[in-house]
Amino acid sequence: MKHNFGAGPCILPKEVFQEASQAVIDFNNTGLSILEISHRSKEFEAVLDEATKLVRELLNVPQGYSILFLQGGASLQFAMVALNLLPENGKAAYLDTGVWASKAIKEAKKIGNVEVVASSSDKNYTYIPKQYTVPADAAYFHYTSNNTIYGTEVFDVPASSAPIVVDMSSDILSREINVSDFDLIYAGAQKNMGPAGATLVIVKDEILGKTGRVIPSILDYTAHISADSMYNTPPVFSIFVSLLNLRWLKAKGGVAVIEQENIIKARTLYDEIDRNPFFKGTAAVEDRSRMNVTFVMDSAELEAEFLALAKERELIGIKGHRSVGGFRASIYNALSITSINAMVDAMKEFEELKK
Ligand code: PLP
């Protein structure tokens, strides 16, 4: 059995892939592929409608928030957020916790004034800064809830008198959140929701339309809301597979249930990292991510040896991101505790071999 610890794109349960592949041939006994039916057909409208309802149900999204499935990935949101929420003469506050946060900052700076309230770049983003104040006159405050590359996660919503915008690309649907703590949530689908190609946006309607900017329609949230995510051809397959995965999550008992599993999975792996003298976690203990577990060994030689053993044990995708090195085990919703145990066994085996 292969254990996929890769960071994506798109780690989903096998049964979801199976159902998706069947629909590529014959969708719901229509005799047509999900890829070829019209996105304006009743059949596809039902897909989009159910996916939207399941997001609302699973995340308990209150009234007054719109749910969108857009294209362009989370990276397009870096620009869309600023275009839609940052007035010409206003300023936005950002927390810099890694590569993705920095990219969001870079894009927002092209659009308006940005104040970076704190950064953990001094320690290669291995922790989440906590001592900072969001200026009261900021149009919004942006942070990244899970730093996919560095393995840090923000569990408590930071204090902010400004509206909060969060990039939840790599931890959405992995734990319970209170949507009303946020004004805008965005997430590329491709970690816990579905294949790359769709981006989930949950936005509080009342914050839109206030910047006085002229926004090209394709970049304007209000255009997408008025068109029910059909302003242009939606990413039909990605939305469809997301729907299958949302159904899987609901059948499992929902976000509260998966959160408990994710807590156990992460604890099991971190416990072994802390116990085993050959491995060392890289993220500050209190900020350790439940989705991406980063660790190193004492030398490049040891890392190469462990990587070879991991390959033999079919532990896939554990090499760290090219910008940090070491190892990264991504343990998204679809990865079972069996895979975590296989990783822990390999770590123990390595220790024994080296004794
Ligand atoms: N934000 C986070 C936290 C990510 O992990 C990623 C990609 O891994 C992105 C943004 C960029 O997403 P995309 O490739 O969908 O633009």
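Nothing here was measured: the structure is a model prediction, and the numbers come from that model.

> Mind showing me how you'd approach the pairing of strand S4 (residues 113-119) here?
Each regular strand shows side chains that alternate between the opposite faces of the sheet. Sheet topology note: the strand S3 (residues 91-96)/S4 ladder contains six bridges and is parallel. Bridge pairing links Tyr94 to Val116 in S4. The parallel pair S3 and S4, bridged by helix H4 (residues 99-111), forms a crossover whose chirality is right-handed.

> Would you mind going over the UniProt feature "domain: Aminotransferase class V" (unreviewed entry) in the protein with me for this structure?
UniProt records the feature "domain: Aminotransferase class V" (unreviewed entry) at residues 4-338, using the numbering of this structure. End C-alpha atoms of residues 4-338 are separated by 11 Å, and the span's content is 34% helix alongside 17% strand.

> What is the right way to read the UniProt feature "binding site: pyridoxal 5'-phosphate" (unreviewed entry) in the protein from this model?
Feature annotation in UniProt assigns "binding site: pyridoxal 5'-phosphate" (unreviewed entry) to the following positions: Ala74, Ser75, Trp100, Thr148, Asp167, Gln190, Asn232 and Thr233. On the basis of their most widely separated C-alpha atoms, the annotated residues across 160 residues do not gather in one place, lying as much as 29.9 Å apart. Looking at the secondary structure, you find Thr148 in the loop between strand S6 (146-147) and strand S7 (152-153). The class for Thr148 is buried, based on 25 C-beta atoms found within 10 Å. When neighbours within four sequence positions are excluded, Thr148 is seen to be in contact with Ala7, Trp100, Ser170 and Asn292. Along the chain, Thr233 falls in the loop between helix H5 (221-226) and helix H6 (236-252). Take Thr233: there are 10 C-beta atoms within 10 Å of it, and that puts it in the exposed class.

> Can you walk me through the domain arrangement of the protein in this structure?
Where the parts come together, the accessible area they lose is often given as the size of the interface. We note that the domain assignment places domain 1 (15-252) and domain 2 (254-354) within the protein. Computed over C-alpha atoms, the centres of domain 1 and domain 2 are 27 Å apart. Counting residues at the interface gives 26 residues for domain 1 and 24 residues for domain 2. Elements that contribute at least two residues to the side of domain 1 that touches domain 2 include exactly S6, S7 and H6. The element best represented in the side of domain 1 that touches domain 2 is H6, accounting for three residues.

> Help me understand the pairing of strand S9 (residues 184-188), please; the structure alone is not making it clear to me.
Burial analysis of S9 places five of its five residues in the buried class, the great majority of the element. Alternating positions in S9 separate into two faces, Leu184, Tyr186 and Gly188 on one and Ile185 and Ala187 on the other, with burial throughout. Bridge analysis of strand S8 (residues 164-167) against S9 gives three bridges, and the strand direction is parallel. Its bridge partner being in S9, Val166 is matched across the sheet by Ile185. Of the strand pairs in this sheet, S9 and strand S10 (residues 199-204) are connected by five bridges, and their pairing is antiparallel. By the bridge assignment, Gly188 is partnered in S10 with Thr199.

Scoring rules and cut-offs
- Residues numbered from 1 in each chain as written.
- Predicted model: local features only at pLDDT ≥ 70, side-chain atom pairs only at ≥ 80, totals over all residues.
- Pairing = 2+ DSSP bridges.
- Helix = DSSP H or I, 4+ residues; strand = E, 2+ residues; numbered from the N terminus.
- Right-handed = clockwise from strand over helix to strand, strands pointing away.
- UniProt positions renumbered as here; feature names shortened; annotations may be inferred.
- Buried ≥ 20, exposed ≤ 12 C-beta atoms within 10 Å, placed from the backbone.
- Contact = placed C-beta atoms within 7 Å.
- Domains from an automatic or database assignment.

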